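One letter stands for each residue in the lines below.
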Amino acid sequence: MAKAKIQKKSTDTDMTPFVDVAFLILSFFIMATKFKPTEPVPIKTPNSVASQVMPDNNAVMMSIDKDNKVYFSIMSKSDIQKGKDIIKEAAKRAGVELSDADLKNYQDGEMIGMPFTKIKGYLALPPAQRAKVAQDGIPVKDSATSELVNWIGAAKYVFSGESLKYLVKGDNDSKYPTFGAIIDAMKRNDEQKYNLVTMPQDAPVGTDLYQDRLKGN
């Protein structure tokens, strides 16, 4: 009996469609991704086990670096105009007038640590240049002239009627008097609640939080 011949077919696969899809996906992420502004100074926070994720909307953060300089950040990615309104209102309370034109280079979430007498010139710089500037820090040491009071009051005013979270982020080497000055500025605005920002670490094995993370909660 004659054997049937099996027709041989090429095993080569045309990869062109896969390459096209890969470039489409890459293009999407390049266009859709919003990069976090570069922090002007590195801040090394203590480690902790926490179940909450730091918010990126409707929140303000007061940061303390290793030299005890204070910075103010506004997280309002759903409405960046609110960040500009807070800066304008805070400056106005200190007797400094700012316009939207003065804030054209402002980026959501960036750390601002300049006294109001220098803030206009600082904000006029392009983001790349601002990242190289050694900021003076927001004056907080003297409670009578603490400019942080104006920042917190402005944030409270702009977010009136909405939920607003206050975050405090301190370097391991920062000193308590600066932290105390931040709390004092909050009290002067009748705000008592805040969250400490720390470096997250894994939950201990066997704990409820550990089990929740395994489940993806």
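Since the structure is predicted, the reported quantities are computational estimates derived from the model, not experimental observations.

### Structural notes on the overall build of the protein
Then, in step 1: Counting its regular elements, the protein contains 7 helices and 6 strands.
Then, in step 2: Listing each helix as α and each strand as β along the protein from the N terminus yields α-β-β-β-α-α-α-α-β-α-β-β-α.
Then, in step 3: The burial tally for the protein puts 38% of its 217 residues in the buried class.
Then, in step 4: The long-range share in the protein, meaning contacts at least 24 apart out of those at least 6 apart in sequence, stands at 64%.
Then, in step 5: Put simply, the protein shows about 13,900 Å² of open surface, and 55% of that area lies on carbon and sulfur atoms.

### Overview of the packing of helix α5 (residues 148–158) against helix α6 (residues 176–187)
What describes two packed helices is the angle between their axes and the distance between those same axes.
Then, in step 1: At a minimum axis distance of 9 Å, the contact between α5 and α6 shows a crossing angle of 45 degrees. By the angle between their axes, α5 is oblique relative to α6. Our pair here, α5 against α6, has a crossing hand that is right-handed. Counting all contacts with α5, which are made through L148, V149 and I152, the residues of α6 involved are I182, A185 and M186.
Then, in step 2: Per-class residue counts for the contact of α5 with α6 are 6 nonpolar, no polar and no charged.

### Some points on the pairing of strand β2 (residues 57–64)
Then, in step 1: Across the 8 residues that make up β2, a large majority, 7, are buried.
Then, in step 2: Here β2 pairs with strand β3 (residues 70–76) via 7 bridges, running antiparallel. Counted as the bridge partner of I64 is V70 from β3.
Then, in step 3: Between β2 and β3, which pair antiparallel one after the other, the connecting turn spans 5 residues, and N68 there sits at a positive phi close to 65 degrees.

### So, α6
Then, in step 1: Between its first and last C-alpha, α6 extends 16 Å over 12 residues, near the 16 Å set by a 1.5 Å rise per residue.
Then, in step 2: Every buried residue of α6 is listed here: T178, A181, I182, I183, A185 and M186.

### Describing the environment of N172
Then, in step 1: Position of N172 relative to the elements: it lies in the loop between β4 (165–170) and α6.
Then, in step 2: Considered as a pair, N172 and I64 are 108 residues apart in the sequence and their alpha carbons are 9.4 Å apart.

### Describing the pattern of salt bridges
Then, in step 1: Throughout the structure, instances matching the rule amount to 9 salt bridges.
Then, in step 2: When the shortest N-O distance is used, the salt bridge between E162 and K82 registers 2.3 Å. A residue pair is termed long-range when its members are at least 10 positions apart, and E162 in the loop between α5 and β4 and K82 in helix α2 (residues 80–93) qualify at 80 residues.
Then, in step 3: On the basis of relative accessibility, which here comes to 38%, the residue E162 falls in the partly exposed class.

Rules used throughout
Residues numbered from 1 in each chain as written. Predicted model: local features only at pLDDT ≥ 70, side-chain atom pairs only at ≥ 80, totals over all residues. Heavy atoms only, no water. Helix = DSSP H or I, 4+ residues; strand = E, 2+ residues; numbered from the N terminus. Buried < 20%, exposed > 50% of the residue type's maximum accessible area, 1.4 Å probe, protein only. Contact = heavy atoms within 4.5 Å. Areas by Shrake-Rupley, 256 points an atom, 1.4 Å probe, with all protein chains shown as cover. Axes fitted to C-alpha atoms, helices over the stretch in contact; angles between N-to-C directions. Parallel < 35°, antiparallel > 145°, perpendicular 65-115°, else oblique. Left-handed = near helix turned anticlockwise from the far one by under 90°. Nonpolar A, V, L, I, M, F, W, Y, C, P; charged D, E, K, R; others polar. Pairing = 2+ DSSP bridges. Expected span 1.5 Å × (residues − 1). Salt bridge = Lys/Arg side-chain N within 4 Å of Asp/Glu carboxyl O.

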